[in-house]
Amino acid sequence: GALFAGVGGNPRGIFNPHYANFGPRIGFAYQLQPNTVLRGGYGMIYGQAMDNPGAAPGFSQTTNMVASIQEGVPNPNISLANPYPNGILLPVGSSQGLATNLGQSFQFADPDMNVPRVQQYSLEIQHQFRSNWLASLSYAGSRTSRLPVQRQINYLPLSALQLGAGALTASVPNPFLNVPATSPYAPLLKGTFLANPTLQQQQLLVSYPQFQASQNPRGGGILESFIPIGRAKYNSLQAELVKRLSMGLDFSVAYTWSKTMDDYWFLNPTDPAPSWFIDPYDIPQQVKLSAVWYLPFGSGKHFASAANPAIDRIIGGWSVSAQARAQQGMPMPFPSNAAPAGGNESIANPSINRWFNTCTILPSGALQNCLSGEKPAWTPIQSFQLVTWSPYLNNVRKPGIDNLDMAVAKETRIKERYNLTFRADFINATNTTQWFNGPDTNLNDGNFGRIADFTTPTNDARVIMLSLRFQF
């Protein structure tokens, strides 16, 4: 059962303290040639705050109110004047000790939780050519450890899974009914599954049958949270070309190739450790462009530099800027209620109506959502089936992001102390539609494989904003 901080000789803190989180940082720069520099660095940093573990078992309670009564069926014990006819359920705190939440599910925090640690490192070479151009090529990576992991501890062992769904779901007499009425535990069983005359066989085969069992590694049963065993790793190659301001033009273009993996998923409660898989936020490739061009017209510029003041106020002071981004989509979640059937999950020409291979083979052998000659990629998952596949697909990704924002500005100096600025901003200038949430991945849904809510993009349509600013 659950132990409580400050009770029975236990430490008063929710977590055991740690005093060895040393955070060194080191960096260097070495000039290889007059215009070439090699830079590198390493640093160890930590999470700045603990996650909130929530209320301890027994210290929160919910009382459902009576919100309505059935017309024509009088009941003197139920009245809308008193929405809590049976009184308010009070939290019992730690008074029940190990019997807290008997017959229920609960969650507790690992007392050895520690703040996540990230080791970051990079190596970069920069070269300046001509007077205003800079190119750089770098490797940047990180290794993260002690990420909080959640684990189900009240599960069926592998030996029990071999009995099959029929035996595990069979009803058997409830042995907890033998608890004497005079036992202090007897009142705690009322209203729980422990008071039923029968139970499913699987409930009696778990480690702690007096609490709810679950085969879901992240729900129900007894969940141990904030176990500091999760890991992640990031590797990237980054290239950038920068033109510093000259001839009225300033721009930079950056390209990143990267891969992010994580190791904080228990696919099954019986697994001895989490498994490495592609991270849900992995973006293999992305390009970013930023530029501003001050048009060469007017006083002090290449063209019409000697124009009279009236003409100069019209043709001078114009600039155009742009920010563009193009990136691949993030990995698609593995379809829910599904198991792999062997076929390729991706298709050659994904569209809004069919983003991936939806071909499914049913237990009867019939095919569903298949095109001619297509090999099934999915089959319905069976009860008590062990998961051996990644929770995210690397070869099927959500739609990428292609976005362009632009602006046109005009600065007009009226007098030395007065300046007027006109600006036109074009947000999502190309009116490109984004589908960031990706396709419907529920095998049992009629829209399986389609971009979810395809009539409502996840980004705004083109927005044009005009502004006028007077400075004095």
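Up top is the structure these notes are about.
The structure reproduced in this document is the subject of the present report. (Residues numbered from 1 in each chain as written. Predicted model: local features only at pLDDT ≥ 70, side-chain atom pairs only at ≥ 80, totals over all residues. Heavy atoms only, no water.)

**Some words on the overall build of the chain**
- Assigned secondary structure in the chain consists of four helices and 21 strands.
- Taking 472 residues into account, the globule formula puts the C-alpha radius of gyration at 23 Å, and the chain, at 32 Å, lies well above it.
- Projected onto its principal axes, the C-alpha coordinates of the chain cover approximately 105 × 65 × 60 Å.
- Taken across its 472 residues, the chain has 33% of its residues classed as buried.
- When contacts within the chain are restricted to residue pairs at least 6 apart in sequence, long-range pairs at least 24 apart make up 70% of them.
- On the chain, roughly 27,800 Å² of surface is accessible, and the fraction owed to carbon and sulfur atoms is 56%.
- Averaging the coordinates of the 31 positive side-chain charges in the chain and doing the same for the 25 negative ones gives two points 9 Å apart. (Helix = DSSP H or I, 4+ residues; strand = E, 2+ residues; numbered from the N terminus. Rg over C-alpha atoms; globule rule 2.2 N^0.38 Å. Buried < 20%, exposed > 50% of the residue type's maximum accessible area, 1.4 Å probe, protein only. Contact = heavy atoms within 4.5 Å. Areas by Shrake-Rupley, 256 points an atom, 1.4 Å probe, with all protein chains shown as cover. Lys, Arg positive; Asp, Glu negative; His and termini not counted. Charge placed at Lys NZ, Arg CZ, Asp CG, Glu CD.)

**Considerations on the nonpolar core**
- Phe334, Phe356, Trp378, Leu393 and Val396 are the most contacted members of the largest nonpolar core, which has 15 residues in total.
- Look past the residues within four positions of Phe334 in its chain and what remains in contact with it is Ala339, Pro340, Trp378, Trp389, Ser390, Pro391, Tyr392 and Leu393.
- Ranked by size, the runner-up nonpolar core spans 11 residues in total, among them Ala2, Phe4, Ala99 and Leu102. (Core = buried A, V, L, I, M, F, W, Y, C linked by side-chain atoms within 4.5 Å.)

**Describing the state of the cysteines**
- Overall, the coordinates contain one disulfide when judged by the stated rule.
- Note on cysteine connectivity: Cys359 is disulfide-linked to Cys370, with sulfurs 2.0 Å apart. With the S-S dihedral at roughly 85°, the linkage between Cys359 and Cys370 falls on the right-handed side. Here Cys359, found in the loop between strand E14 (338–340) and strand E15 (360–361), pairs with Cys370, found in the loop between strand E16 (367–368) and strand E17 (378–380); they are 11 residues apart in sequence, far enough to count as distant. (Disulfide = S-S within 2.5 Å.)

**Some words on the packing of aromatic side chains**
- According to the stated counting rule, one finds 15 aromatic pairs in the structure shown.
- A connected cluster of aromatic rings, assembled from ring pairs, spans Phe334, Phe356, Trp378, Trp389 and Phe448.
- Residue placement shows Lys233 over the ring face of Trp276; its charged tip is 4.7 Å from the ring centre.
- Over the ring of Phe436 we find Lys398; its NZ or CZ atom is 5.9 Å from the centre of that ring. (Phe/Tyr/Trp six-rings, centres within 6.5 Å; stacked < 30°, edge-to-face > 60°. Lys NZ or Arg CZ within 6 Å of the ring centre and 35° of its normal.)

**Comments concerning the pairing of strand E5 (residues 133–152)**
- As judged from the 13 bridges shared by strand E4 (residues 117–129) and E5, these two strands associate in the antiparallel manner. Among the inter-strand pairings, Gln119 is bridged to a residue of E5, identified as Arg143.
- Two successive antiparallel strands, E4 and E5, enclose a turn made up of three residues, where Arg130 displays a positive phi of approximately 55°.
- Pairing between E5 and strand E8 (residues 222–246): 17 bridges, direction antiparallel. For Tyr139, the partnering residue across the bridge sits in E8 and is Leu237. (Pairing = 2+ DSSP bridges.)

**Thoughts on the side chain of Ser319**
- Positionally, Ser319 belongs in strand E12 (residues 318–327).
- Overall, Ser319 belongs to the buried group, its relative accessible area being 12%.
- Residue contacts for Ser319: discarding those within four places in its chain leaves Trp293, Tyr294, Leu295, Ala407, Val408 and Ala409.

**Considerations on the pairing of strand E20 (residues 418–427)**
- Where strand E19 (residues 401–415) and E20 come together, nine bridges link them in antiparallel fashion. Bridge pairing links Ala407 to Asp425 in E20.
- In this antiparallel pair of consecutive strands, E19 and E20, the connection spans two residues.
- Bridge analysis of E20 against strand E21 (residues 463–471) gives nine bridges, and the strand direction is antiparallel. Bridge pairing links Ile427 to Val463 in E21.

**Looking at a nonpolar patch on the surface**
- A cluster of nonpolar residues, Phe28, Tyr30, Leu32, Leu123, Ile125, Leu137, Leu237, Tyr255, Trp257 and Val287, forms a patch on the protein surface that exposes about 920 Å² of accessible area.
- Secondary structure elements with two or more residues in the nonpolar patch: strand E1 (25–33), E4 and strand E9 (249–265).
- With three residues, the single largest contributor to the nonpolar patch is E1.
- Inspection of the secondary structure puts Trp257 in strand E9.
- Note on Trp257: relative accessible area 42%, which makes it partly exposed. (Patch = residues over 30% accessible without salt bridge, like charges linked within 9 Å, V, L, I, M, F, W, Y side chains within 5 Å. Salt bridge = Lys/Arg side-chain N within 4 Å of Asp/Glu carboxyl O.)

**Description of unusual backbone geometry**
- Positive phi, close to 55°, is recorded for Met247, a residue that is not glycine.
- Residue position: Met247 is located in the loop between E8 and E9.
- Located in the positive-phi region is Ala304, a residue other than glycine, with phi close to 55°.
- One can find Ala304 in the loop between strand E11 (285–294) and helix H4 (309–315).
- Taking the relative accessible area as the measure of exposure, Ala304 reaches 38% and is therefore partly exposed.

**Focus: the environment of Tyr392**
- By the element assignment, Tyr392 lies in strand E18 (residues 392–397).
- As a C-alpha pair, Tyr392 and Lys259 span 133 residues in sequence and 14 Å in three-dimensional space.
- Excluding its chain neighbours within four sequence positions, the residues that come into contact with Tyr392 are Trp265, Ile278, Pro280, Pro331, Met332, Pro333 and Phe334.

**A short note on the pattern of salt bridges**
- On inspection of all chains with the given rule, the structure shows four salt bridges.
- Ionic pairing is found between Asp263 and Arg231, a salt bridge with its closest N-O pair at 2.6 Å. Here Asp263 is found in strand E9, whereas its partner Arg231 is found in strand E8, with 32 residues between them in sequence.
- Take Arg231: its relative accessible area is 39%, and that puts it in the partly exposed class.
- Of the charged contacts, one joins Glu374 and Arg354 as a salt bridge, the two residues approaching to 2.5 Å between their closest N and O atoms. With Glu374 in the loop between E16 and E17 and Arg354 in the loop between E14 and E15, this residue pair connects regions lying 20 residues apart in the sequence. Like Arg354, Glu374 is buried.

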